[in-house]
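Working through the structure, step by step
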Amino acid sequence: MRTYSPKPGDITHAWHVIDATDVVLGRLASQSARLLRGKHKAIYAPHMDTGDYVVIVNAAKVAVSGSKRENEFHYRHSGHPGGLRKESVGQMLESKPEKLVEKAILGMLPHNSLGKSMGRKLKVYAGAEHPHTAQQPQPFTIDQIAQ
């Protein structure tokens, strides 16, 4: 029996909308990365982009468990001496929640050109409104255990 490899014409990209209200950030990131990667489909192939588009709304209302809000930091560096900047998860959640959710999800995708093409299908919005109603996204619920 030959190994099945999907052809580009066989792949269809659906749209999913996820409401991030009171969903733990890690669980949201892992489920979204699974949808972006296409692992929920029978035609999944690790060398092809078989995933779907994911729209996340209410990113500002995402839950962060434990003391990560104060004790976990995200770093960036300008490339100049003394250019290291550090920001806590709580500060990011208040100032730019889209970046926090996006960084958590993109960190779970492959770090190559295939992962970049998967990451382009991620749309994150802090509020409840999004401009993708014409694509008729299907709601995707994340079942979670009590937090």
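Residues numbered from 1 in each chain as written. Predicted model: local features only at pLDDT ≥ 70, side-chain atom pairs only at ≥ 80, totals over all residues. Heavy atoms only, no water.

The protein chain has the name Large ribosomal subunit protein uL13 in an unreviewed UniProt entry, where Nakamurella flava is given as its organism. Turning to the protein chain, the UniProt annotation filed under Sequence similarities (unreviewed entry) states: "Belongs to the universal ribosomal protein uL13 family." Per UniProt, the protein chain has the following entry under Subunit (unreviewed entry): "Part of the 50S ribosomal subunit." (UniProt positions renumbered as here; feature names shortened; annotations may be inferred.)

A look at the overall build of the protein chain
When its secondary structure is counted, the protein chain shows 5 helices and 6 strands. Each helix (α) and strand (β) of the protein chain, taken in turn from the N terminus, gives the series β-α-β-α-β-β-α-α-α-β-β. For the protein chain, the spread of C-alpha atoms along the three principal axes comes to 55 × 35 × 30 Å. Considering only contacts within the protein chain whose residues lie at least 6 apart along the sequence, 69% involve residues at least 24 apart. In the form shown here, the protein chain has an accessible surface area of approximately 9000 Å², with 52% of it arising from carbon and sulfur atoms. Within the protein chain, the 13 negative side-chain charges are centred at a point lying 9 Å from the centre of the 20 positive side-chain charges. (Helix = DSSP H or I, 4+ residues; strand = E, 2+ residues; numbered from the N terminus. Contact = heavy atoms within 4.5 Å. Areas by Shrake-Rupley, 256 points an atom, 1.4 Å probe, with all protein chains shown as cover. Lys, Arg positive; Asp, Glu negative; His and termini not counted. Charge placed at Lys NZ, Arg CZ, Asp CG, Glu CD.)

Things to note about helix H4 (residues 97–106)
Because each turn of an α-helix spans 3.6 residues, side chains separated by three or four positions in sequence point in the same direction. Within H4, the full set of buried residues consists of Pro97, Leu100, Val101 and Ile105. One side of H4 holds all its buried residues, which, seen down the axis, span an arc of 125°. (Buried < 20%, exposed > 50% of the residue type's maximum accessible area, 1.4 Å probe, protein only. Arc of directions from axis to C-beta.)

Side note on the nonpolar core
Of all hydrophobic cores here, the largest spans 26 residues; its most connected members are Ile18, Leu28, Val54, Ile56, Val101, Ile105 and Leu122. At 6 residues, the largest contribution of residues to this core is made by helix H1 (residues 25–37). Look past the residues within four positions of Val54 in its chain and what remains in contact with it is His16, Ile18, Ser32, Leu35, Leu36, Lys121, Leu122 and Lys123. (Core = buried A, V, L, I, M, F, W, Y, C linked by side-chain atoms within 4.5 Å.)

Focus on H1
Compared with the 18 Å implied by 1.5 Å per residue over 13 residues, the 18 Å span of H1 between its first and last C-alpha is a close match. Residues Leu25, Leu28, Ala29, Ser32, Ala33, Leu35, Leu36 and Arg37 constitute the buried set of H1. Against the buried residues of H1 lie strand E1 (15–19), strand E2 (53–57), H4, helix H5 (113–119) and strand E5 (122–124). (Expected span 1.5 Å × (residues − 1).)

Regarding the pairing of E2
In terms of burial, E2 is largely enclosed, as 4 of its 5 residues are buried. For E1 and E2, the ladder comprises 5 bridges, and the chain directions are parallel. Note on E2: the bridge partner recorded for Ile18 is Ile56. Relative to E5, E2 runs parallel, the two sharing 3 bridges. When the sheet's bridge partners are listed, Ile56 is paired in E5 with Val124. (Pairing = 2+ DSSP bridges.)

Things to note about the pattern of salt bridges
What the rule picks out here adds up to 4 salt bridges. Across the pair Arg76 and Glu87 runs a salt bridge whose closest N-O atoms are separated by 3.8 Å. Of this pair, Arg76 sits in strand E3 (residues 73–77) while Glu87 sits in strand E4 (residues 84–88), and the two are 11 residues apart along the sequence. In the salt-bridge network here, residues are joined through shared partners; they are Arg76, Glu87 and Lys96. (Salt bridge = Lys/Arg side-chain N within 4 Å of Asp/Glu carboxyl O.)

Section: the side chain of Asp52
The residue Asp52 is located in the loop between H1 and E2 in this model. Taking relative accessible area as the criterion, Asp52 reaches 2% and is therefore assigned buried. Within the structure, the side chain of Asp52 is placed 2.9 Å from the side chain of His40, a separation counted as a polar contact. Apart from residues lying up to four places away in sequence, Asp52 is in contact with Thr12, His13, Ala14, His16, Leu35, Leu36, His40, Lys41 and Lys121. (Polar contact = N/O pair within 3.5 Å; in protein donor to acceptor, adjacent residues only side chain to side chain.)

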